[in-house]
Amino acid sequence: MDKWLVIGGGIHGTCSAIALREEGVAAADITIIDPHHHLLARWQQYTQRTGMSYLRSPGVHHLHPDPLHLHRFALQRPQPEGAHHQDFMLPHYRPSLELFRAHCEALIHEYQLDQRLLSARAEGLSRPSLPQFTVETSLGPLHARYLILAMGAGEQPHWPDWAKPFKRKDSPLQHLYDPNPLPTLQEKHLVVVGGGLSAIQFAITASKQSSSPVMLLMRHSLRIHAFDSDPGWLGPKKLNNFRQIRDFSLRRRLIDKARHRGSVPLDIARQLWRALREERIQLIHDQITGATLNRNQSLRLYLNKRADPLITDRVVLATGFGRQRPGGKWLEKAIAELGLPVHTDNYPLVDSHLRWTEGIFVTGPLAELELGPAARNIAGARMAAARIRAASRV
Ligand SMILES: Cc1cc2nc3c(=O)[nH]c(=O)nc-3n(C[C@H](O)[C@H](O)[C@H](O)COP(=O)(O)OP(=O)(O)OC[C@H]3O[C@@H](n4cnc5c(N)ncnc54)[C@H](O)[C@@H]3O)c2cc1C
């Protein structure tokens, strides 16, 4: 029997596993299950797809409990050959993606977590006999005394209603965060749909490869914010009041209000303005109301403010992730069978240690109603890992 079973090997699951290792839990007492063949697979895939060079978050947000660990790592490592980027971007010391990845890999190796990954998917959860849990997986049942649910939202790309009929293989319309590879973009008349960081970053990257201008279609005007939410949400300044609130619908409204959805930091806005000046990107502020497929496989997009449709041969949706609680049906069943408390939006109600019930901890979106607007980010992964680590002592 494993002592700790982490479900989901993304940023959040890996960060919690590192915190447990720092706390003295043996590698052999931790198993991480994730359908991919290496930890952080989804993070690597998504960040690579957007073409981003720097993280949005500052250099103190990473997977090690010591906030300065990444800075020390950067100082001590030999400079990678042919490095094109500075390690950090001022003024917030945002790490380069290359540095962040190298740091993650070093930590995974140091804490022997690569050896603790089981490439499987959780499909059921029960507690036939106290105190351990049984997790049904694609490789058979696993038993553990403690669980960390870290499934994240990465498997839930958001498809607007008008786009759903095109959700199939070989479609000219794809989501940026589809598991399937994106086709090459050079010769296509590409429309990117979305107004946030992923959309703008991806449009900039694609515009450098494409022979014709990329169209960027966004509903709202450009929103500029340094971070996903105000840094006050990472400490007592805002979180103390948040935790006093017993009305979880109000907590949800505060989270929605505090997250700067669909926003970009200034350096990315500047890159967009340059691409607009150079006519590599054409920006349209409008909303798609419907789409049809022509015989030649091109798409007609019908817009709110334009009489004539937009005709294009490739659409990439960068419309973020769905709001539904991660975990889907198997977790739904476990919630009913184990009597796990949830809010009306189906998200967990947990204690201050992020304990859903004795022995089950949550992180990422699942911890949002306790950790607030930063729960999904790397900062949230750190906050969750610290609390789970503290709970593991008692
Ligand atoms: C392009 C991009 C850039 C970002 N940049 C930043 C940034 O700079 N700073 C920041 O703070 N945040 C950033 N974020 C936000 C956030 O930090 C990331 O989305 C992060 O990867 C979320 O990690 P996660 O572990 O919650 O989820 P995921 O990455 O989705 O990982 C969850 C894992 O769980 C697995 N899983 C799901 N269901 C099961 C199951 N039933 N059984 C087993 N495994 C399962 C999934 O396959 C996946 O591998 C960024 C997000 C994106 C998309």
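All values derive from a computational prediction rather than experimental measurement.

## Quick word on the pairing of strand E8 (residues 140-149)
Part 1 of the argument: Relative to E8, strand E7 (residues 133-137) runs antiparallel, the two being bridged by 5 bridges. Bridging from a neighbouring strand, Phe133 pairs with Ala144 of E8.
Part 2 of the argument: Joining the antiparallel neighbours E7 and E8 is a turn of 2 residues.
Part 3 of the argument: With 3 bridges joining them, E8 and strand E20 (residues 360-362) adopt parallel strand pairing. Paired with Leu149 across the two strands is Val362, which belongs to E20.

## Some thoughts on the sheet that holds strand E14 (residues 281-285)
Where strands meet in a sheet, backbone hydrogen bonds hold them as pairs that are either parallel or antiparallel.
Part 1 of the argument: The 5 strands lie next to each other as E9-E18-E10-E11-E14, forming an open sheet whose pairing is parallel. The open sheet has two free edges, formed respectively by strand E9 (173-175) and E14, since each of these has just one partner strand. Direction aside, the axes of adjacent strands within the sheet are offset by 20 degrees on average.
Part 2 of the argument: One ladder, built from 3 bridges, connects strand E10 (residues 190-193) with strand E11 (residues 214-218); its direction is parallel. Across the sheet, residue Val192 finds its bridge partner in E11, namely Leu216.
Part 3 of the argument: The strands touched by helix H8 (residues 266-277) within the sheet are E11 and E14, with E14 carrying the most contacts at an inclination of about 110 degrees.

## A word on helix H7 (residues 248-258)
Part 1 of the argument: Burial in H7 covers these residues: Phe248, Arg251, Arg252, Ile255 and Ala258. Angularly, the buried residues of H7 cover 135 degrees about the axis, an arc narrow enough to put them on a single face. H7 presents Arg253 and Lys257 as exposed residues on the side facing more than 90 degrees away from its buried surface.
Part 2 of the argument: In the core, the buried residues of H7 are packed alongside helix H6 (236-244) and helix H10 (368-371).

## Observations regarding the layout of surface pockets
Part 1 of the argument: One number sums up the size of the second largest pocket: a volume of about 350 Å³.
Part 2 of the argument: Along the walls of the second largest pocket sit 19 residues, with Arg168, Lys169, Gln174, Asp178 and Asn180 positioned nearest its centre.
Part 3 of the argument: Partitioned by chemical class, the residues of the lining of the second largest pocket number 7 nonpolar, 5 polar and 7 charged.

## Examining the domain arrangement of the chain
Part 1 of the argument: Entries for the chain in the domain assignment read domain 1 (2-155 + 323-393) and domain 2 (161-225 + 260-317).
Part 2 of the argument: The C-alpha-based centres of domain 1 and domain 2 are spaced at 31 Å.
Part 3 of the argument: Taken together, the 10 residues of domain 1 in the interface contact 19 residues of domain 2.
Part 4 of the argument: Between domain 1 and domain 2, the buried area comes to about 1100 Å², and carbon and sulfur atoms account for 46% of it.
Part 5 of the argument: Among the residues of domain 1 in contact with domain 2, Arg49, Thr50 and Arg56 are the three that bury the most area, contributing 58% of the side total.
Part 6 of the argument: For the pair domain 1 and domain 2, the interface holds 1 salt bridge.
Part 7 of the argument: Asp267 serves as the salt-bridge partner of Arg94, at 2.8 Å between the closest nitrogen and oxygen.
Part 8 of the argument: No other element matches the 4 residues that helix H2 (residues 41-50) contributes to the side of domain 1 that touches domain 2.

Cut-offs used in this document
Residues numbered from 1 in each chain as written. Predicted model: local features only at pLDDT ≥ 70, side-chain atom pairs only at ≥ 80, totals over all residues. Heavy atoms only, no water. Pairing = 2+ DSSP bridges. Helix = DSSP H or I, 4+ residues; strand = E, 2+ residues; numbered from the N terminus. Axes fitted to C-alpha atoms, helices over the stretch in contact; angles between N-to-C directions. Contact = heavy atoms within 4.5 Å. Buried < 20%, exposed > 50% of the residue type's maximum accessible area, 1.4 Å probe, protein only. Arc of directions from axis to C-beta. 1 Å grid on protein atoms, 1.4 Å probe; cavity = no way out; pocket = protein on both sides within 12 Å on 5 of 7 lines; lining within 4 Å. Points joined across faces, edges and corners; volume = space filled by probe spheres on them. Nonpolar A, V, L, I, M, F, W, Y, C, P; charged D, E, K, R; others polar. Domains from an automatic or database assignment. Buried area = accessible area lost by both parts, 1.4 Å probe. Salt bridge = Lys/Arg side-chain N within 4 Å of Asp/Glu carboxyl O.

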